[in-house]
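Chain residues, written in single-letter form:
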Amino acid sequence: MREKVGLLVCLWFLLYGSCLGRFVVEKNSLRVTSPGSLKDVYECAIGNFGVPQYGGTMVGTVLYPKANQKACKSFEDVEISFKIKPGGMPIFVLADRGDCYFTLKAWNAQNAGAAAILVADDRVEPLITMDTPEEENARADYLQNITIPSALISKALGDNIKKELSNGQMVNINLDWREALPHPDERVEYEFWTNSNDECGPKCESQIQFVKNFKGAAQILERKGYTQFTPHYITWYCPDAFILSKQCKSQCINHGRYCAPDPEQDFSKGYDGKDVVVQNLRQVCFFKIANESGKPWLWWDYVTDFAIRCPMKEKKYTKDCANDVIRSLGLDVNKIDKCIGDTEADTDNPVLKAEQESQMGKGSRGDVTILPTLVINSRQYRGKLDKGAVLKAICSGFEEATEPAICLTEDIETNECKENNGGCWQDKAANITACRDTFRGRLCECPVVQGVKFVGDGYTHCEASGVLRCEINYGGCWRGTQDGRTYSACIDDHTKGCKCPPGFKGDGVKNCEGKDANTEFSWGFVWAIILGLAVAGVSGYALYKYRIRRYMDSEIRAIMAQYMPLDNQGEVPQHMPHSNI
């Protein structure tokens, strides 16, 4: 009887988590560009594996293999390859639904060289999400290695493509993910629905590895205010008929209000579901307290460190171990304990109650029923939980030209401005360009340089405007040097336009010529005369002073000669009396 109750409880969790939820199929567009009979835009469902090219497009040609049409075995076994020669278009393999997992079809197509896989539905129905299989039913070693995008198309479209291919027509397709996620403004809001349980197999291992790998990028985005991140945790409630059962008591807290499945799916050993619920609650409270302290990005450090230091396998999945991690990150354990509250009380826990309400879909976002789930700008992410793939998806959620620098690195996107300047205007002499690299491509917009705004169409023309425009490459106007002087057609007190300086003629942009030579000569002659007169005046004055001085010297010498002997006259002998003795 005990085993039957346990089975019923597990079945309830499964039903509550899937059948009762409003699951939204996330889609991207598929444009058939040829042949003309199929030319149109169609919807396709994004597979929840591989790497969808969020924010971008992919062009390819469709091939429907003559053998292994359900792609359930290796294409090597039937000697088929989809690898292309240099210059060839990428191959999109068309496979039929059925007989094996969607992931296996994608894996076989990828190994044969396909760029993407299109799975044609085998029944007339609304599109569904192709998901990964349950771990106990499939080899999980290849799931994280699927890198090609996948899409489910309707039976009608699949049949029409096959018909055209059988008639020898080439079917070309453009897969477009540019509008798969909303991109309304300069900030992306995203949620990560996860679990502290590390004993649920490859899915748990992959999400822990993702948190470790994505932590650095997430913290850069959060610290600089580019994103607003919120972690969430799924819980279920126990059916009223089983609240007093041992199974509900071991898997739930607060009298069956908040439950999680047994980690090992064995009620007789290891940790219980309620242990997982309490640790999930502790992680929610850690984020709440960290966010209140202005450091929400510490959640990534806590979850990473807890997974490393407190694993279930080592019997360290405890409150004491969790508190050691909390203290090492500088948060107050008492505040987190207060947030957790009494898990044995027969009352609602406000934190977990809010988490359960958040599970319910709002607007375009469906109910969260799958772990892990990433929600970006209210749309559920589909694809591989991989650092590069998720970062691309987040970057596609920014309004174009508002992306942070991390979204414009070479491993995330291709800089289209490097090839022929993106087809935009540029001034090579001043090293100014209108090409602006964006995650989605490029924009041709006249730039603002050192406070000077350029105006124009961005493709063929950009012109500096404003009072400071002459500071930037002379405002794009003509400039030239003559007789050692530099002339420019840019006028500082004009906000736009170019005008040749006085004495020059031309359009002011490309040339200014014909400076008046007579005018130049006349002014030069005038300056020569002025200079000559100045030299003559100075010389005459000097000569005049010299002659005056010579005259004065001679007059003074004549006057002095009348009163006293001069140095240049001889001495007159004097006769003194003497006696003869």
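For the structure, see preceding data.
An account of the accompanying structure is given in this report. Quantities reported herein were computed from a predicted structural model and do not represent experimental measurements.

## Considering the sheet that holds strand E6 (residues 150–153)
Two modes of strand pairing occur in sheets, parallel and antiparallel, and in both the strands are linked by backbone hydrogen bonds.
(1) Moving on: With mixed pairing, the seven strands of this closed barrel are ordered in space as E1-E2-E6-E5-E4-E3-E7. Neighbour-to-neighbour, the strand axes of the sheet open up by a mean angle of 40°, direction not taken into account.
(2) Moving on: Across two bridges, strand E2 (residues 40–46) lies against E6 in antiparallel orientation. Residue Ile-46 lies in a different strand from E6, and its bridge partner there is Ala-151.
(3) Moving on: Together, strand E4 (91–96) and strand E5 (116–120) form the strand contacts of helix H2 (residues 102–111), whose direction differs from that of E5 by roughly 140°.

## Comments concerning the pattern of salt bridges
(1) Moving on: Scanning the entire structure with this criterion turns up 18 salt bridges.
(2) Moving on: Notably, a salt bridge pairs Arg-187 with Glu-189, separated by 2.9 Å at the nearest N-O pair.
(3) Moving on: Taking the relative accessible area as the measure of exposure, Arg-187 reaches 34% and is therefore partly exposed.
(4) Moving on: For Glu-189, a relative accessible area of 40% gives the class partly exposed.
(5) Moving on: Between Asp-301 and Lys-215 there is a salt bridge, with its nearest N and O atoms 3.3 Å apart. With Asp-301 in helix H7 (residues 298–309) and Lys-215 in helix H4 (residues 202–223), the pair connects residues that are 86 residues apart, well separated along the chain.

## Considerations on the sheet that holds strand E12 (residues 373–376)
(1) Moving on: As summarised here, the arrangement of the four strands in space is E9-E8-E12-E13, forming an open sheet in which the pairing is mixed. The sheet is open, and its two edges are formed by strand E9 (227–233) and strand E13 (379–380), each paired on a single side.
(2) Moving on: Strand direction decides the pairing type here: strand E8 (residues 188–194) and E9, joined by seven bridges, are parallel. In the sheet register, Glu-189 faces E9, and the bridge partner there is Gln-228.
(3) Moving on: Seen against the sheet, H7 touches E8 and E9 and runs at an angle of roughly 40° to E9.
(4) Moving on: The sheet contacts of helix H11 (residues 387–395) involve E8, E9 and E12, and relative to E12 the element is tilted by about 25°.

## Quick look at the environment of Asp-367
(1) Moving on: Relative to the elements of secondary structure, Asp-367 occurs in the loop between helix H10 (350–359) and E12.
(2) Moving on: Considering only alpha carbons, one finds Asp-367 and Glu-357, ten residues apart in sequence, at a separation of 9.9 Å.

## A word on H11
(1) Moving on: Burial analysis of H11 places seven of its nine residues in the buried class, the great majority of the element.
(2) Moving on: As for H11, its buried residues are in contact with E8, H4, E9 and E12.
(3) Moving on: At the N-terminal end of H11, a side-chain oxygen is found 3.0 Å from the backbone nitrogen of Gly-388, two or three residues along, and the residue is Asp-386.

## A short note on helix H8 (residues 319–328)
(1) Moving on: All of the buried residues along H8 are Cys-321, Ala-322, Asn-323, Val-325 and Ile-326.
(2) Moving on: Those residues of H8 that are buried lie in contact with helix H6 (273–292), H7 and helix H9 (333–340).
(3) Moving on: Where H8 ends, the next residue or the one after it, Gly-330, has phi of about 85°, a positive value.

## Topic: the pairing of strand E1 (residues 27–34)
(1) Moving on: Inspection of the sheet shows E1 paired to E2 by six bridges, in the antiparallel sense. Looking at the pairing, Arg-31 lines up with Val-41 of E2.
(2) Moving on: Where E1 folds back on E2, the antiparallel hairpin that results is connected by five residues.
(3) Moving on: Pairing of E1 with strand E7 (residues 172–176), which is carried by five bridges, proceeds in the antiparallel orientation. The residue bridging Ser-29 from the neighbouring strand is Asp-176, located in E7.

Rules and cut-offs
- Numbering of residues starts from 1 in each chain and follows the order in which that chain's sequence is written.
- Local features are withheld for residues below a pLDDT of 70 in this predicted model, meaning they are given only at 70 or higher, and side-chain atom pairs are given and counted only at 80 or more; totals for whole chains, interfaces and linings count all residues.
- Water and hydrogen atoms play no part in the side-chain values, which are based on all heavy atoms of the structure.
- One requirement defines pairing of two strands: DSSP has to find at least two bridges between them.
- Numbering goes from the N terminus for both helices and strands, where a helix is a DSSP run of H or I of at least four residues and a strand is a run of E of at least two.
- Interaxial angle, 0 to 180 degrees, is taken between N-to-C directions of lines fitted to C-alpha atoms, where a helix line uses only the stretch in contact.
- Every residue pair with non-hydrogen atoms within 4.5 Å of one another is taken to be in contact.
- Every case where a carboxyl oxygen of Asp or Glu lies within 4 Å of a side-chain nitrogen of Lys or Arg is listed as a salt bridge.
- Each residue is placed in one exposure class: buried if its accessible area under a 1.4 Å probe, protein chains only, is under 20% of its type's maximum, exposed if it is over 50%, and partly exposed if it falls in between.
- Nitrogen and oxygen atoms within 3.5 Å of one another constitute a polar contact, given that in protein one can donate a hydrogen and the other can accept it, and given that sequence-neighbouring residues count only through two side-chain atoms.

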